[in-house]
Amino acid sequence: MNCRSEVLEVTVEARQVEEAMLALLHTILLHRSTGKFHYKKEGTYSIGTVGTQDIDCDFIDFTFVRVSSEELDRVIRRAVSEFKDALSSDGMGQISLEFYQKKKSRWPFSDECIPWEVWSIKVSVVNLANEQERQICREKVGEKLGEKVINVVEVINRHDYLPKMPTQSEVDNVFDTSLKDVQPYLYKITYQITDSLGTSMSTTMRRLLKDTLAL
C-alpha cells in the first residue's frame with residue numbers, strides 16, 4: 001500500500017501556534033471521522049451522526065469547524081500543547097497526523113500498523129516588534145489558514161485510498177472506537193522540533209534523553 005503524504009507550511013507568532021495547529025488538525029479529523037457504528041448483525045450496521053461546532057480563534061482572524069466531541073478535542077489539545085511548549089519563541093518544528101490501519105499478526109508478534117495517509121504541518125515561529133505588526137499578522141495568518149483549509153478539503157475529496165469498511169470483528173483495526181460520540185480512523189500525532197543549529201530532535205529522542213538523565 002502506498003502511503004499518501006501531504007505537507008502544509010505556516011508561519012505564526014508564538015501565541016498563534018496552538019490555535020493554528022488546532023484549526024488544521026481538527027479540519028483534517030473532521031473529514032476523517034464517522035459517527036459511531038451500530039451493528040445489528042455481522043455485515044449489517046448503521047452509522048450515527050457527527051455533530052460539528054464553530055470555533056472562533058482569539059489571536060487569529062479565523063473560525064474553523066471541528067467535530068463536537070469534547071473527548072477528541074482534549075486528545076488533540078494535549079498533543080498540540082506539548083508541541084507548543086517544546087517550540088522556542090523563534091523556532092521551527094513539525095507536527096504530523098498519521099492515519100493507519102492494523103494488520104493482525106500471529107502470536108507472539110504484535111499487530112502491524114500500516115500508515116495510509118500522513119499530514120505534516122511545518123511551523124515557523126516569528127517574533128514581532130509591536131502591536132501593529134501583530135494585528136497585520138493576525139489577519140495574514142487568518143487568510144493563510146483559510147487557504148490551507150481549502151487545500152485540505154480538495155485533497156480529501158480526491159477519490160484516493162481509504163480502508164474498506166470493516167466487519168464488526170475488525171472495526172478496531174480501522175477505527176478508534178475508544179470515544180463515545182465519534183469514530184475517527186486510527187491515528188497518531190507526533191512532532192519534531194528543529195533547534196537553533198538547524199538540527200532536528202524527535203519526540204522519541206527527547207524522551208530517550210530525558211529518561212537517560214533521570215537515571
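Please refer to the structure placed before this passage.
Because the structure is predicted, anything quoted here is derived from the model rather than measured.

## Some details on the overall build of the protein chain
1) Next: Each helix and strand in the protein chain was counted, giving four helices and eleven strands.
2) Next: Contacts in the protein chain between residues far apart in sequence, at least 24 positions, make up 69% of those at least 6 positions apart.

## A look at the nonpolar core
1) Next: Met21, Phe83, Phe99, Trp119, Ile121, Val123 and Leu145 are the most contacted members of the largest nonpolar core, which totals 50 residues.
2) Next: Trp119 has contacts with Glu6, Leu8, Ile28, Ile95, Ser96, Leu97, Phe99, Val152, Val155 and Ile156, leaving out every residue within four places of it along the chain.

## Concerning helix 2 (residues 70-86)
1) Next: For helix 2, built from 17 residues, the straight-helix expectation of 24 Å at 1.5 Å per residue is met to within 8% by its first-to-last C-alpha distance of 24 Å.
2) Next: If you follow the buried residues of helix 2, they end up packed against helix 1 (17-30), strand 6 (63-67), strand 7 (92-103), strand 8 (112-126) and strand 10 (187-194).

## Regarding the packing of helix 1 against helix 3 (residues 131-156)
1) Next: Direction vectors running N to C along helix 1 and helix 3 enclose 20°, while the axes themselves pass 10 Å from each other. In this view, helix 1 runs roughly parallel relative to helix 3, as classed from their interaxial angle. Between helix 1 and helix 3 the crossing geometry is right-handed. The segment helix 1 lies against helix 3, with Ala20, Ala23, Leu24, Thr27 and Ile28 engaging Leu145, Lys148, Val149, Val152 and Ile156.
2) Next: In the contact of helix 1 with helix 3, the residues fall into eight nonpolar, one polar and one charged.

## As for the packing of helix 1 against helix 2
1) Next: Two numbers describe how helix 1 lies on helix 2: the axes approach to 10 Å, and their chain directions differ by 140°. Judged by the angle between their axes, helix 1 and helix 2 are oblique. Viewed along their axes, helix 1 and helix 2 form a crossing whose handedness is right-handed. Contact with helix 1, carried on its side by Val17, Glu18, Met21, Leu22, Leu25, His26 and Leu29, involves Leu72, Asp73, Ile76, Arg77, Val80, Phe83 and Lys84 of helix 2 and no other residues of that element.
2) Next: Within the contact of helix 1 with helix 2, the residues separate by chemical class into nine nonpolar, one polar and four charged.

## Looking at the environment of Ile55
1) Next: On the secondary structure map, Ile55 appears in strand 5 (residues 52-56).
2) Next: Looking at Ile55, the relative accessible area reads 15%, which means it is buried.
3) Next: Dropping the residues within four chain positions of it, Ile55 is found in contact with Phe62, Thr63, Phe64 and Arg66.

What counts as what
- Residues numbered from 1 in each chain as written.
- Predicted model: local features only at pLDDT ≥ 70, side-chain atom pairs only at ≥ 80, totals over all residues.
- Heavy atoms only, no water.
- Helix = DSSP H or I, 4+ residues; strand = E, 2+ residues; numbered from the N terminus.
- Contact = heavy atoms within 4.5 Å.
- Core = buried A, V, L, I, M, F, W, Y, C linked by side-chain atoms within 4.5 Å.
- Buried < 20%, exposed > 50% of the residue type's maximum accessible area, 1.4 Å probe, protein only.
- Expected span 1.5 Å × (residues − 1).
- Axes fitted to C-alpha atoms, helices over the stretch in contact; angles between N-to-C directions.
- Parallel < 35°, antiparallel > 145°, perpendicular 65-115°, else oblique.
- Left-handed = near helix turned anticlockwise from the far one by under 90°.
- Nonpolar A, V, L, I, M, F, W, Y, C, P; charged D, E, K, R; others polar.

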